[in-house]
Amino acid sequence: MSSLLKITDLHVSVGETPILKGVNMEIRQGEVHALMGPNGSGKSTLAYALAGHPNYFVTSGSIDIDGVEITELGADERARLGMFLAFQYPVVIPGVKVADFIRHAVSNIRNPDRKEGEGLVPMREFRREIRERMEALNMDTEFARRYLNDGFSGGEKKRMEILQMAMLQPRFAILDETDSGLDSDAVRVVSEGLARLSGPQMGVLIITHHERLLEFNRPQFTHVMLGGRIVETGDASLAHELHANGYATVRERHPEAAADNAQTVAAVTT
Amino acid sequence: MTTAAIDINRIGYSRDVFEQFLAERVEPVWISDARREAFEIYQSLLQSELDPEEFKRVDLRVFNAARFRPSSVKAQTTEISTLLANQTEYGGSIAHVDGQTTHSHLSSQLAAQGVLFGDLLTLLIQHRELLEPSFLKKAVRPDADRFAAWHAAFWTSGTLLYVPRGVEVELPLHSLIAHSRDGIAEFGHTLVILEDDARATLLEETSSINNDMAGLHVGCVELIVGKNAGLRYVQLQNWNQRTWHLAHQAGNVDNNASLQWTVVGLGSRLSHIHQDINLTGRAATAEVNGVTFASDHQKISYYTQQHHKAQGTHSDLLYKEVLRDESRVIWRGMIKVDAAAQQTDGYQRSDALMLSENARCDSIPGLEIEADDVRCTHGATTGRVDEEQIFYAQSRGISEKEAMHMIVEGFFQQVYDRIPVEIVRETLSRTVQGKLGIEALAAV
């Protein structure tokens, strides 16, 4: 049976500022969802809240996987339950080699009860696996020896996110603007990579301003976020329409959410 | 504020202690005479304050010299845990316990090439003409400061490495300085002389036989690197946390020679190392690496000086410090460039990573430049573990603690990458993991 990630009336604050004001969404394994919305609408907040960032406080509502509440769990515990976030701004960890980092991550995900110091996935198999995955993403296997994201270009960082996703094989993957800041070649590589990986075993939430990633990964559902709420849900044609026409009509249809959105943007930028 | 009368017995040794020490030693007059000379310097330095520039942050108030005495009793040679012994093949090894040499070995092949390696006193007596002109005369002088003078008067055992002209020693050599009994004052000396075109690697470590006894090390390291020679020297300080470590260390690097010097500070209650890198010959180079991991109430202090004395010299110092609990680390670094030392390139950097709110780190770089055509840069950073790094690792299923440990190891990795001796890198990585509390270790 496929798993279900269910977000119910989720309210999230950053510091004292409420950002999400009652988000509802259901993502089933195997589905592709697109999340669109103007700046300040709360897309990245939703991504961080799902991943379990300690600075994003869930003030009410819930997140569960197959009825198991994960709202109180730490980010590592969520990851071990199959949650994955591809970061908009991947973090640099100097001195930690890509291969070592991913090997530890894979060991924890595949053996969720693993404690620090306990066995890692066997080196030989791990090496073969990561090499295959890197080749599939057109990555130089030398990257495995480099320090995590240290000195990587924007495109290299995003590919590194997709590589980690490929190695960890999550049940639910959230891609936070994985296509931003990339040239069209890089977008194509990342999009194709994602398309190869997504399938019946993975539910995907693609957060994007653009439509490019969605050309390769056609969503069954498109959600529009405004003022911390999902104001509209449609199919792939909604994404297309928003891409063509922008958010003006959405704002007109939802004046209250649009006002909230403007307020959030003002609060964040001042 | 009035200055209280200096209590000699608290900060050092009186004449009575010295006379008793001398009476128990069996050694040539020229050595005793040198000790007496050093003791007079010591007595006068005891009357003056320590240089505030170097010592004002080093808290010696609770230090009590009377608690520690040199020993003439035959040292116990029971098992002493070491980090480096038996980890690789060595060309020779030596061990000193409580200030006495308990073991010394040099491969017959190296001995046949004229390499000298072993107990300093024995070799000083056997090769006086060769060694006397260098011992406590070129790199460290007894009048350098109170601790150098104290050491010069009381030096006990020591490691000597002498490599003749053109001889390249492939295998590293190992030296162990250990304490086995409570209350021991030990004055170990390390003298390395590389003649022109010679090459060698010396790995030295310190160790306490258990965690309970208190000890005092007033040490001295002299590294004299001849023209076109290359020396790699590692000192891994791993005393228990009841040991005082006070050391004056200096390396002289001649024309086109290179010195790669790695200082590791893991143990001790309080440690202060004065480290001089003297680039005395044209185009001499020195790379200095520091790895320090302080925990509990440890206080670890460094005063480093990269002194460019000749044209076209190059120095590069990178110290990395990790602090946890209520530990304190002090690094005061100086690059000095003499007027004659044009076209020099000096670099120094110290990065500290704080794992606790209650730890404290002072990093103070400095430059003193008298030449006008030089490139000197310095930097110091102090930071905490970045929460975004932790979250990123956690979002990959890595626990907060494991993430923190990876970040700490990564922090040190940058300096490990500069250490060319693999077993040192491996040993450091393992020891740091141990200090982080990672018990079972997965082979990577």
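Everything here concerns the structure above.
Thresholds, definitions, all that
Residues numbered from 1 in each chain as written. Chains lettered and ligands numbered in written order. Predicted model: local features only at pLDDT ≥ 70, side-chain atom pairs only at ≥ 80, totals over all residues. Heavy atoms only, no water. Helix = DSSP H or I, 4+ residues; strand = E, 2+ residues; numbered from the N terminus. Rg over C-alpha atoms; globule rule 2.2 N^0.38 Å. Buried < 20%, exposed > 50% of the residue type's maximum accessible area, 1.4 Å probe, protein only. Contact = heavy atoms within 4.5 Å. Areas by Shrake-Rupley, 256 points an atom, 1.4 Å probe, with all protein chains shown as cover. Lys, Arg positive; Asp, Glu negative; His and termini not counted. Charge placed at Lys NZ, Arg CZ, Asp CG, Glu CD. Buried area = accessible area lost by both parts, 1.4 Å probe. Salt bridge = Lys/Arg side-chain N within 4 Å of Asp/Glu carboxyl O. Polar contact = N/O pair within 3.5 Å; in protein donor to acceptor, adjacent residues only side chain to side chain. Nonpolar A, V, L, I, M, F, W, Y, C, P; charged D, E, K, R; others polar. Expected span 1.5 Å × (residues − 1). Pairing = 2+ DSSP bridges. Axes fitted to C-alpha atoms, helices over the stretch in contact; angles between N-to-C directions.

Asks: Help me understand the overall build of chain A, please; the structure alone is not making it clear to me.
Replies: If you tally the helices and strands in chain A, you get 10 helices and 12 strands. Against the compact-globule benchmark of 18 Å for 270 residues, chain A has a radius of gyration of 18 Å, which places it among compact chains. For chain A, the C-alpha atoms occupy an extent of roughly 55 × 45 × 40 Å along the three principal directions. Burial status across chain A gives 56% buried among its 270 residues. Long-range pairs, those at least 24 residues apart, make up 70% of the contacts in chain A between residues at least 6 apart in sequence. Surface accessibility of chain A: about 11,600 Å² in total, with carbon and sulfur atoms responsible for 49%. Once the 29 positive and 37 negative side-chain charges of chain A are each reduced to a mean point, those two points are 6 Å apart.

Asks: Any chance you could explain the interface of chain B and chain A here in plain terms?
Replies: When the parts of a complex come together, some accessible area is lost, and that lost area is often used as the size of the interface. Taken together, the 28 residues of chain B in the interface contact 40 residues of chain A. Here chain B meets chain A over a buried area of about 2,600 Å², counting both sides, of which 59% is carbon and sulfur. Our enumeration of links across chain B and chain A arrives at two salt bridges. Two residues, Glu402 of chain B and Arg114 of chain A, come together in a salt bridge whose shortest N-O distance is 3.1 Å. Summed over the shared surface of chain B and chain A, the result is 15 residue pairs in polar contact (both at pLDDT 80 or more). Taken together, the elements giving at least two residues each to the side of chain B that touches chain A come down to helix H9 (387-394) and helix H10 (400-416) of chain B. The biggest single contributor to the side of chain B that touches chain A is H10 of chain B, with nine residues. Residue composition of the side of chain B that touches chain A, by class: 13 nonpolar, eight polar and seven charged.

Asks: When you look at helix H6 (residues 184-197) of chain A in this model, what are you seeing that I'm missing?
Replies: Note on helix geometry: an α-helix contains 3.6 residues per turn, so any two residues three or four positions apart are oriented the same way. All names here are of chain A. When the terminal C-alpha atoms of H6 are compared, their 20 Å separation across 14 residues agrees well with the 20 Å that a helix rising 1.5 Å per residue should span. Inspection of H6 places Ala186, Val187, Val189, Val190, Ser191, Gly193 and Leu194 among the buried residues, and these make up the whole buried set. Looking at the packing, one finds that the buried side of H6 touches helix H5 (154-168), strand S9 (172-176), strand S10 (203-207) and helix H7 (212-216).

Asks: What should I look at first to understand the sheet that holds strand S18 (residues 345-354) of chain B in this one?
Replies: Hydrogen bonding along the main chain pairs the strands of a sheet, whether they run parallel or antiparallel. Residues and elements named next belong to chain B. In space, the 10 strands of this open sheet follow the order S2-S1-S5-S8-S10-S12-S14-S16-S18-S20, with mixed pairing throughout. Strands at the two margins of the open sheet, each flanked by one partner only, are strand S2 (100-106) and strand S20 (375-384). On average, each strand axis in the sheet is inclined to that of its neighbour by 5 degrees, with strand direction left out of account. Sheet topology note: the S18/S20 ladder contains 10 bridges and is parallel. Bridging across to S20, Gln348 finds its partner in His378. Docked against the sheet, H10 engages strand S14 (285-294), strand S16 (314-323) and S18, running at close to 165 degrees with respect to S16. Lying over the sheet, helix H11 (residues 422-436) contacts strand S8 (199-208), strand S10 (230-237), strand S12 (258-265) and S14, oriented at roughly 20 degrees with respect to S14.

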